[in-house]
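Structure at a glance
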Amino acid sequence: MAVEEAQTIRRAATAATLSNIATWYDFGIYSYIGAVALDRVFFPDAGQWATVLTLGTFAAAFVVRPLGGIILGPLGDRIGRTKVLAAAVVLMAVATALLGLVPSYGAIGLAAPLIVLFIRMLQGFSVAGEYIGVLTLVAEYAPDRRRGFFGSWLEFGTLIGYALGAGVSALLVAALPEEDLLAWGWRLPFILALPLGVLGIYLRIRLEETPAFRQLMERSPAMATMSLRRVFQILGTHYRSAVLIAGGLIVAWNVTNYVLTNYVPTYLTGTLAHHGEGGTSEALSSAFQVVVMLAMLCTIVFVGSLSDWIGRKPILITGSVSLILLGLPSVWLLREGPPDQLLGLLIMGFALLCFAAVTPSALPALFPTFVRYGGLAIIFNVFVSAFAGTAPTVIGFAVTTTGNLDWPGYYLIGAGVIGLVSTLFLQESAGDRLTGAAPLTSSADLPAPKLSEDGVPLENPPAPGQG
């Protein structure tokens, strides 16, 4: 590997990690501020349903994520990864800052939560293109034998973003009287997101398109005009198995993520108290989240690197089995004292770590270059929106209507079963080249793609018998 190429990979990985920090700080801050303030700012008259309504506005972002994936993903395959990625990062930062400027329900009435709903949809649209953009970019830049290592840095950035959001929330709760927090303090974390939008401009200026994408455009420039209908046709005809496997991994990973990072803070600070359990304070709940995130931060890159040695599948199986066996016990621990609550969160964090460290390098290997961004963006956002992002709202509704506090555990067990089945059908990709690409290799060294009977360039055709 030439020195210039090594520098390019590091620059791409650094930019992608910073992009994820900005995006998931923006997207995740709503979870933590929502648990301590937003229910009273925007739904002051809703009683015990204020929590459900706050979670519902969080879930609103997932309503438009499929639309964002359908528009931004294929666009990334047509005009380039960095252009779409940069636009998505800027849009996310602007939307988040605007959320911090929305007047309260007391000032403008019903218009306030409706404006919040619209802004959450803007955030969902932008994140639909951002995350898959950085995932695709890093996968196509990374050397084959170190894709797990570089892919894990994406989730390192995600965890930094979430931890930053939780940390800012904890500081606000600890430093401000409740009256000041509700009056103006909750706005600060959202407004602070605006400077992070500069990262979008940095991404556009400093990064070239990936070697795989440039080579594809040189070899098959007609791919830049491929219609959305054709993308769906190719995925449905030639990559059905890959779609289902990717969807299952995405559901298992993201259900665990959103239960831990979005539902559990509300569960600890509000739900348990409403049902006569101990619960905990907002400050302690945020502190627990920071501890779990820091523990994951210290290990995620090592787990990603480990997957380059032993494979993706053993780690994914470990995470899935952990959810199946320990999903309910981890929730039971949340109903005990602070030490047990922290242990329950760490158990969830371990399962999430197994998926977060490995899935970013496993998913891009399932699809070829010419539909990688678009295919993953559509699949990722459809499955997340339908089954994962809505999990906190569904769990909150189920707990409120049935009084059963075990629903988070049931969801975790279901996620583990789906993850295990998907992993068993996953073809091991550790150390293999990406479909149809050889990152850091010149175009002349790359083989021409095989074609299907209808002329589709199958850069890594499915094995006989696969969809």
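Coordinates for the structure precede this section.
Let us look at the structure shown here. (Residues numbered from 1 in each chain as written. Predicted model: local features only at pLDDT ≥ 70, side-chain atom pairs only at ≥ 80, totals over all residues. Heavy atoms only, no water.)

Moving on: the overall build of the protein chain. A tally of regular secondary structure across the protein chain gives 18 helices and 2 strands. When the 467 residues of the protein chain are sorted by exposure, 59% land in the buried category. Contacts in the protein chain between residues far apart in sequence, at least 24 positions, make up 86% of those at least 6 positions apart. (Helix = DSSP H or I, 4+ residues; strand = E, 2+ residues; numbered from the N terminus. Buried < 20%, exposed > 50% of the residue type's maximum accessible area, 1.4 Å probe, protein only. Contact = heavy atoms within 4.5 Å.)

So, about the packing of helix α3 (residues 81-99) against helix α16 (residues 369-388). Two elements in contact, α3 and α16, have axes whose closest approach is 12 Å; the angle formed by their N-to-C orientations is 15°. One way to sum up the angle between α3 and α16 is to call them roughly parallel. When the axes of α3 and α16 are compared, the crossing they make is left-handed. Contact residues: α3 offers Arg-81, Val-84 and Leu-85, while α16 offers Thr-369, Arg-372 and Tyr-373. In terms of residue class, the contact of α3 with α16 is built from 3 nonpolar, 1 polar and 2 charged. (Axes fitted to C-alpha atoms, helices over the stretch in contact; angles between N-to-C directions. Parallel < 35°, antiparallel > 145°, perpendicular 65-115°, else oblique. Left-handed = near helix turned anticlockwise from the far one by under 90°. Nonpolar A, V, L, I, M, F, W, Y, C, P; charged D, E, K, R; others polar.)

Bringing the packing of aromatic side chains into the picture now. Across all of its chains, the model carries 13 aromatic pairs by this definition. A centroid spacing of 5.5 Å and a plane angle of 80° characterise the contact between Phe-42 and Trp-186, whose relative ring orientation is edge-to-face. Of the two residues, Phe-42 is situated in helix α1 (residues 3-42) and Trp-186 in the loop between α7 (178-183) and α8 (188-191); the sequence distance between them amounts to 144 residues. Through a chain of ring-to-ring contacts, the aromatic side chains of Phe-149, Phe-150, Trp-153 and Phe-156 assemble into a single cluster. The residue whose ring lies beneath Arg-146 is Phe-149, and the NZ or CZ to ring-centre distance is 4.5 Å. (Phe/Tyr/Trp six-rings, centres within 6.5 Å; stacked < 30°, edge-to-face > 60°. Lys NZ or Arg CZ within 6 Å of the ring centre and 35° of its normal.)

With that settled, the discussion passes to the packing of helix α13 (residues 282-310) against helix α14 (residues 312-333). Packing of α13 against α14 leaves a shortest axis separation of 7 Å and a crossing angle of 125°. Relative to α14, the element α13 lies oblique. Contacts between α13 and α14 involve Val-303, Leu-306, Ser-307, Asp-308 and Ile-310 from the first element and Arg-312, Pro-314 and Ile-315 from the second. Taken together, the residues of the contact of α13 with α14 sort by class into 5 nonpolar, 1 polar and 2 charged.

So, on to the side chain of Asn-381. You can see Asn-381 is positioned in helix α16. At 2.6 Å, the side chain of Asn-381 and the backbone oxygen of Ala-377 are in polar contact. Setting aside chain neighbours within four positions, we find Asn-381 in contact with Arg-65, Pro-66, Gly-69, Ala-128 and Leu-376. (Polar contact = N/O pair within 3.5 Å; in protein donor to acceptor, adjacent residues only side chain to side chain.)

Let us now look at the environment of Val-36. For Val-36, the position within the fold is in helix α1. Along the chain, Val-36 and Val-173 lie 137 residues apart, while their C-alpha atoms are 8.0 Å from each other. Apart from the residues within four sequence positions on either side, Val-36 is in contact with Val-173, Leu-181, Leu-182 and Glu-282.

Mapped onto the elements, Met-296 comes out in helix α13. On the accessibility criterion, Met-296 (3% relative accessible area) is buried. A C-alpha to C-alpha distance of 7.5 Å links Met-296 and Phe-350, two positions 54 residues apart in sequence. Beyond its immediate chain neighbours, meaning those up to four positions away, Met-296 contacts Leu-159, Gly-349, Leu-352 and Leu-353.

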